[in-house]
Amino acid sequence: MGMRCDEFEARLNDLLDLRLDPAVDVPLAEHAEDCGHCRTLLAAYGNALLPATLAVAHDAPVDLARRVYDRCGSNILVAPRSSSRWYVPHVAAAAAVALVALYLDSQPPQPSAARPVAKAHAAAEEPLTDPVALPASMEVASDSDSAFELWPDLSYGASGAFSDVGSLWPAKSIVAVAAPIEPLPSLGQPQVIAELASGLKPLADSATGAMVFLLDVLPAERQDGAGAIEAPPHAAPAASSDEAI
Amino acid sequence: MRPNALEEFELPDDVRELVSRCLQGDGTAVIELVDHFRGQVFGLCYRMLRHQQDAEDAAQESFVRAIRSLKRWDPERDFTPWLLAIAGNRCRTQLATRMRRRPGAALPDEVADQRPSAHAASPLEEEVSRALGELRFEYRTAFVLFHEQELSYPEIAAAMNCPIGTAKTWVHRARRDLARALIERGVVEEYGYALRRV
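What you see is a predicted model; the values in this text were computed from it and never measured.

Q: Looking at this structure, I do not really get the environment of B:Leu145. What am I missing?
A: Residue and element names in this part refer to chain B. Tracing the backbone shows Leu145 in helix α7 (residues 137-148). Judged by its relative accessible area of 1%, Leu145 is buried. With near-sequence residues (within four places) excluded, Leu145 lies in contact with Leu44, Leu84, Glu150, Leu151, Ile156, Ala159 and Met160.

Q: Could you clarify how one ought to interpret the pattern of salt bridges in this entry?
A: Where charged atoms from two side chains of opposite charge come close, those side chains can pair. Within the structure shown, the criterion is met by 19 salt bridges over all chains. Here B:Glu56 and A:Arg67 are joined by a salt bridge, their closest N and O atoms 3.6 Å apart. Of this pair, B:Glu56 sits in helix α3 (residues 52-68) while A:Arg67 sits in helix α4 (residues 64-72), on two different chains. Take A:Arg67: its relative accessible area is 21%, and that puts it in the partly exposed class. In this structure, B:Arg136 and B:Glu138 form a salt bridge, with 3.3 Å as the shortest nitrogen-oxygen distance. Assessed through its relative accessible area of 18%, B:Glu138 is described here as buried. A network of salt bridges, in which partner residues are shared, links A:Arg4, A:Asp6 and A:Glu7.

Q: Help me understand the nonpolar core, please; the structure alone is not making it clear to me.
A: Where a protein is soluble and globular, its nonpolar side chains tend to be buried together. All names here are of chain B. By size, the foremost hydrophobic cluster in this structure holds 84 residues, and its most contacted members are Val41, Phe79 and Ile156. When residues of this core are assigned to their parent elements, the largest contribution, 11 residues, is made by helix α2 (residues 27-49). The residues contacting Ile156, other than those within four sequence positions of it, are Ala142, Leu145, Phe146, Leu151, Ala167 and Val171.

Q: Explain the packing of aromatic side chains here, please?
A: Given two aromatic rings, their pairing is described by the distance between the two centres and the angle made by the two planes. Evaluation of the coordinates by the stated rule reveals five aromatic pairs over all chains. Summarising the aromatic geometry, the rings of B:Phe146 and B:Tyr153 are spaced 4.9 Å apart at their centres and angled 25 degrees between planes, so their arrangement reads as stacked. The buried category is assigned to B:Phe146, whose relative accessible area is 1%. Within the aromatic cluster, the residues linked to one another by ring pairs are B:Phe37, B:Trp73, B:Phe79 and B:Trp82. Over the ring of B:Phe146 we find A:Arg19; its NZ or CZ atom is 4.0 Å from the centre of that ring.

Q: Mind showing me how you'd approach the packing of α2(B) against helix α4 (residues 79-101) of chain B here?
A: Helix-helix packing is characterised by the crossing angle of the two axes and by the distance between the axes. All names here are of chain B. One can describe the packing of α2 onto α4 by two numbers: an axis separation of 10 Å at closest approach and a directional angle of 40 degrees. The angle between the axes of α2 and α4 places the two elements in the oblique class. Considering only the axes of α2 and α4, their crossing is right-handed. Side by side, α2 and α4 meet where Leu33, Phe37, Gln40, Val41, Leu44, Cys45, Met48 and Leu49 of the first sit next to Phe79, Thr80, Leu83, Leu84, Ala87, Gly88, Cys91, Gln94, Leu95 and Arg98 of the second. Tallied by class, the residues present in the contact of α2 with α4 amount to 13 nonpolar, four polar and one charged.

Q: Before we go on, may I ask you to explain α3(B) in this structure?
A: Note on helix geometry: an α-helix contains 3.6 residues per turn, so any two residues three or four positions apart are oriented the same way. Compared with an ideal rise of 1.5 Å per residue, which puts 17 residues at 24 Å, α3(B) spans 24 Å between its outermost C-alpha atoms and is within 8% of the ideal. The element α3(B) is extensively covered by neighbouring structure, given that 13 of its 17 residues are classed as buried.

Q: I'm lost on unusual backbone geometry in this one. Help?
A: Glycine aside, residues mostly have negative phi angles, and peptide bonds mostly take the trans form. Residues and elements named next belong to chain B. Positive phi, close to 55 degrees, is recorded for Arg50, a residue that is not glycine. Summarising the element assignment, Arg50 is placed in the loop between α2 and α3. The phi angle at Asn161 is positive, at roughly 55 degrees, despite the residue not being glycine. Mapped onto the fold, Asn161 is located in the loop between α8 (153-160) and α9 (164-184). Exposure remark for Asn161: the relative accessible area of 72% places this residue in the exposed category.

Q: Mind showing me how you'd approach the packing of α2(B) against α7(B) here?
A: Residues and elements named next belong to chain B. For the pair α2 and α7, interaxial distance at closest approach is 10 Å and the crossing angle is 145 degrees. Crossing hand, α2 versus α7: right-handed. Seen from α2, the contacting residues are Leu44, Arg47 and Met48; seen from α7, they are Phe137, Arg140, Thr141, Val144, Leu145 and Glu148. Grouping the constituent residues of the contact of α2 with α7 by class yields five nonpolar, one polar and three charged.

Q: So what exactly am I meant to see when it comes to the environment of B:Arg68 here?
A: For B:Arg68, the position within the fold is in helix α3. Distance from B:Arg68 to B:Leu23, taken between C-alpha atoms, is 9.7 Å for residues 45 residues apart in sequence.

Q: Which parts of the structure should I look at to understand helix α1 (residues 5-17) of chain A?
A: Across its 13 residues, α1(A) extends 19 Å between first and last C-alpha, which sits within 8% of the 18 Å expected from 1.5 Å per residue. Looking at α1(A), one finds that the buried residues are A:Phe8, A:Glu9, A:Leu12, A:Asn13, A:Leu15, A:Leu16 and A:Asp17.

Q: Sorry if this is basic, but what is going on with a nonpolar patch on the surface here?
A: Residues A:Tyr87, A:Val88 and A:Val91 make up a contiguous nonpolar surface patch of roughly 260 Å² in combined accessible area. Classification of A:Val91 by relative accessible area gives partly exposed; the value is 46%.

Q: Looking at this model, I keep getting lost on the confidence of the model for chain B. Mind explaining?
A: Detailed reading of the predicted model is not advised wherever pLDDT is low. All names here are of chain B. Averaged over all residues, the pLDDT of chain B equals 81, while 78% of them reach at least 70. Across residues 1-11 the pLDDT falls below 50, and counting only partners more than four positions away or on other chains, this stretch makes 29 contacts in the model. This model gives residues 106-112 a pLDDT under 50, and the stretch forms 17 contacts once residues within four places in sequence are excluded. The ipTM, which scores confidence in the relative placement of chains, is 0.73 for this predicted complex, and the corresponding pTM is 0.53.

Q: How should the side chain of A:Asn13 be read in this particular structure?
A: Mapping A:Asn13 onto the fold places it in helix α1. Setting aside residues up to four positions removed in sequence, A:Asn13 forms contacts with A:Tyr45, B:His172 and B:Arg175.

Q: Sorry if this is basic, but what is going on with the confidence of the model for chain A here?
A: Residues and elements named next belong to chain A. Summing up the model confidence of chain A, the mean pLDDT is 63 and the portion of residues at 70 or higher is 36%. By mean pLDDT, the top-scoring element of chain A is α1 (91), and the lowest-scoring one is helix α9 (residues 170-178) (41). Within the model, the stretch residues 139-180 combines pLDDT values under 50 with 62 contacts to residues more than four positions away or in other chains. A low-confidence stretch, residues 235-245 (pLDDT under 50), is modelled with seven contacts involving residues beyond four sequence positions or located in other chains.

What counts and how
- Residues numbered from 1 in each chain as written.
- Chains lettered and ligands numbered in written order.
- Predicted model: local features only at pLDDT ≥ 70, side-chain atom pairs only at ≥ 80, totals over all residues.
- Heavy atoms only, no water.
- Helix = DSSP H or I, 4+ residues; strand = E, 2+ residues; numbered from the N terminus.
- Buried < 20%, exposed > 50% of the residue type's maximum accessible area, 1.4 Å probe, protein only.
- Contact = heavy atoms within 4.5 Å.
- Salt bridge = Lys/Arg side-chain N within 4 Å of Asp/Glu carboxyl O.
- Core = buried A, V, L, I, M, F, W, Y, C linked by side-chain atoms within 4.5 Å.
- Phe/Tyr/Trp six-rings, centres within 6.5 Å; stacked < 30°, edge-to-face > 60°.
- Lys NZ or Arg CZ within 6 Å of the ring centre and 35° of its normal.
- Axes fitted to C-alpha atoms, helices over the stretch in contact; angles between N-to-C directions.
- Parallel < 35°, antiparallel > 145°, perpendicular 65-115°, else oblique.
- Left-handed = near helix turned anticlockwise from the far one by under 90°.
- Nonpolar A, V, L, I, M, F, W, Y, C, P; charged D, E, K, R; others polar.
- Expected span 1.5 Å × (residues − 1).
- Patch = residues over 30% accessible without salt bridge, like charges linked within 9 Å, V, L, I, M, F, W, Y side chains within 5 Å.
- Areas by Shrake-Rupley, 256 points an atom, 1.4 Å probe, with all protein chains shown as cover.
- pLDDT = per-residue confidence, 0-100.

Printed below as a string of structure tokens:
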């Protein structure tokens, strides 16, 4: 059985791969005798390869070696510093810093486990969608007597209070510290307005009035608690009536 | 004997010795190294770029890069494929640069060097060279490395950084496309069916 045309080209390539002359291959030659298409193909392959087999040296410049040597100069054996890679360490360092920043930014605030500061921690765990807004649990209620209710430890100077705040996410800490100051309940009291309207007062009397006012607005349980601001002994009559002012 | 074949440095040990001398700072060894490979490197560059000046530039740049990177050459591997791989990359870069400068240009025919050469090309060589220039870069490189530089398939695979089977396929397709191009142009009828020894 004779060779098929597809086998012919495959066998032709195999012979060329072995750098053999296909013309000396008997089955190939027999098929080429009988098949005009494959005979043309055989001739085409031969013509395509002929220039390659007759390849002569192209006009390689004779002074190429000298030119190469001159190009390399005295640094011929020194690998050139790659100017395109000088920035790699810088980029790596910047990327590391950026990754750390991203990691810290994506971390929820971690409250201190040593002391429970219930409301502040609960607020810190709430998702904060608006960076300038307080979490719902930290908002000062309109009917609240004092914003200091939210910050008992801060307002009364309990030890460790500020370390708790410091462990919060920085942005929240700023908001949380600033927010309780905002209500300033003293401005809404008629006593203070009366004081201001009455003109200058002696320093001692003004300070006494301020302390009395604080005792009024502070929560009852804190007025007698440890670390609370104690009212001076002579303040009670002044606080009880407007006539004393 | 083909003029661009290595005549004095066919033994790998000689190449290694040359490279070793180069690495020790022997400038004479550098010149010897370039002199004995310039035919191969320039031949590949000329086949790929089809332009004398471009081929000279590519060959020079290839040698400069190779010499500056000699420390990276693994002595366990053949030197010739490593060197030709650098030359092939330079040709690819030069062709890409040429394409960027002249987008849409029919690259091989338009930029082919028309200057008279010491080696006058026959009409058949012109036809084959033209058809070769129309092949894909990989096909052309593999074809030139196999049939002109007489590299083996493992060497071609090493030079082109591809599997041996891929190198073989590229050479086969280059032959097939070349043969069909010659048939389409009527070159086969004109030059007869003679098949020379390869």
